[in-house]
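So the chains spell out like this:
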Amino acid sequence: MGVTLHLAIGILGNAASLLLYAAPILTFTRVLIEEKYGGFLCVPYTIALLNCLLYTWYGLPVVSNKWENFPLITINGIGILLEFSFIIIYFRFAPPKTKASSTTRKKMVCLLLIHVVMVFCITPCVSAFALKDHRHRKVLVGCVGLVASVSMYASPLIVVKQVIKTKSVEFMPFYLSLFSFLASLIWMAYGLLGRDLFLASPNLVGCPPGLLQLVVYFVYRNKKILREEDDLEKNGPLQHHEPATITCSCITNSKQ
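Residues numbered from 1 in each chain as written. Predicted model: local features only at pLDDT ≥ 70, side-chain atom pairs only at ≥ 80, totals over all residues. Heavy atoms only, no water.

Focus: the UniProt feature "transmembrane region" (unreviewed entry) in the protein
For clarity, the threshold we go by: UniProt positions are given in the numbering used here, feature names are shortened, and annotations may be inferred rather than shown by experiment. In this text, helices come from DSSP runs of H or I with a minimum length of four residues, and strands from runs of E with a minimum of two, each type numbered from the N-terminal end.
As recorded in UniProt, the sites labelled "transmembrane region" (unreviewed entry) are residues 6-26, 38-58, 70-91, 111-131, 137-160, 172-193 and 199-220. The straight-line gap between the two end C-alpha atoms of residues 172-193 is 31 Å; of that span, 91% is helix and 0% is strand.

Description of unusual backbone geometry
Phi at Lys66 takes a positive value of approximately 55 degrees, unusual for a residue other than glycine. With respect to the element layout, Lys66 can be found in the loop between helix H3 (43-59) and helix H4 (70-93).

What about the confidence of the model for the protein?
Here is the rule: Summary of the metric used: pLDDT quantifies the predictor's per-residue confidence within the range 0 to 100.
Here the protein averages 78 in pLDDT, and 79% of its residues register 70 or above. Across the protein, the element-wise mean pLDDT spans from 78 in helix H7 (residues 155-166) up to 89 in H3.

Here we look at the packing of H3 against helix H6 (residues 134-153)
Helix packing for two helices is described by the angle between their axes and how far apart those axes are. Short version of the rule: Lines fitted to C-alpha atoms define the axes, with helix axes restricted to the stretch in contact, and inter-axis angles between N-to-C directions lie between 0 and 180 degrees. Note that the term roughly parallel is reserved for angles under 35 degrees, roughly antiparallel for angles over 145, roughly perpendicular for angles of 65 to 115, and oblique for everything else. Left-handed describes a crossing whose near helix is turned anticlockwise from the far helix by less than a right angle; the clockwise case is right-handed. In what follows, residue pairs with any heavy atoms lying within 4.5 Å of each other are defined as contacts. When residue character is reported, Ala, Val, Leu, Ile, Met, Phe, Trp, Tyr, Cys and Pro are called nonpolar, Asp, Glu, Lys and Arg charged, and the others, Gly included, polar.
Where H3 contacts H6, the two axes come as close as 9 Å, and the packing angle between them is 155 degrees. In terms of axis orientation, H3 runs roughly antiparallel to H6. Considering only the axes of H3 and H6, their crossing is left-handed. Two secondary-structure elements touch here, H3 through Ile47, Ala48, Leu50, Asn51, Leu54, Tyr55, Trp57 and Tyr58 and H6 through Lys138, Val141, Gly142, Val144, Gly145, Leu146, Ala148, Ser149, Ser151 and Met152. Among the residues forming the contact of H3 with H6, the class breakdown is twelve nonpolar, five polar and one charged.

With respect to the packing of H3 against H4
It is the contact of H3 with H4, at a shortest axis distance of 8 Å, that shows an interaxial angle of 155 degrees. As judged from the angle between their axes, H3 and H4 are roughly antiparallel. In this structure, H3 crosses over H4, and the sense of that crossing is left-handed. Mapping the contact onto sequence places Tyr45, Thr46, Ala48, Leu49, Asn51, Cys52, Leu53, Tyr55, Thr56, Tyr58 and Gly59 in H3 and Leu72, Ile73, Asn76, Gly77, Gly79, Ile80, Glu83, Phe84, Phe86 and Ile87 in H4. The class makeup of the residues in the contact of H3 with H4 is 13 nonpolar, seven polar and one charged.

Structure below.
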């Protein structure tokens, strides 16, 4: 019964996380159709990519015991494909390098990607060759993944600040906030049932920001927008989908 319940919660977590990961698709589809950069930021997608890479590795039999964390592999594998696609679209349609601000952003993302690749390459190598049992491998990969997840969960605070400042929830879609909260809640339960604190802890951190987004949404949902200018570099019409990355992501889940 316990194994069945654990698997069922993992499937529910996959569904909630898939909806969360898929939220930015509308934004990037519009970018592809219009072939026009929408002022979105790429850093959250890069951090989410690292999170997905680490927890995909965490779920593999090298770190986990056999295939106990198969739901973890499936959803984070999908997340890797989506986040990597979003990053490619960013580099394809971002403004030309002649603009100083764009150059700075692209360089920052490139440097961040280099660090992502370094962290991901070092972590599997150390865990696979330097550590000899699953418990120590889980500790190493789980600690690194925890840092990545906490960094990813810092994003909603920026969005909440923007909503409070503008008194408009156009930058924080309701279903995005809802699925972010539900995904964190479900995966936290998944980690607790599996007695895996390295999977429960990041989502425990992610639940309060998700709940805060919902509270702020209901407080400001009927407020009038204070500013109406269409500044793509700051709060353009395409950027209101940007919060899709904040959650995206924390797909941390496991079974002991």
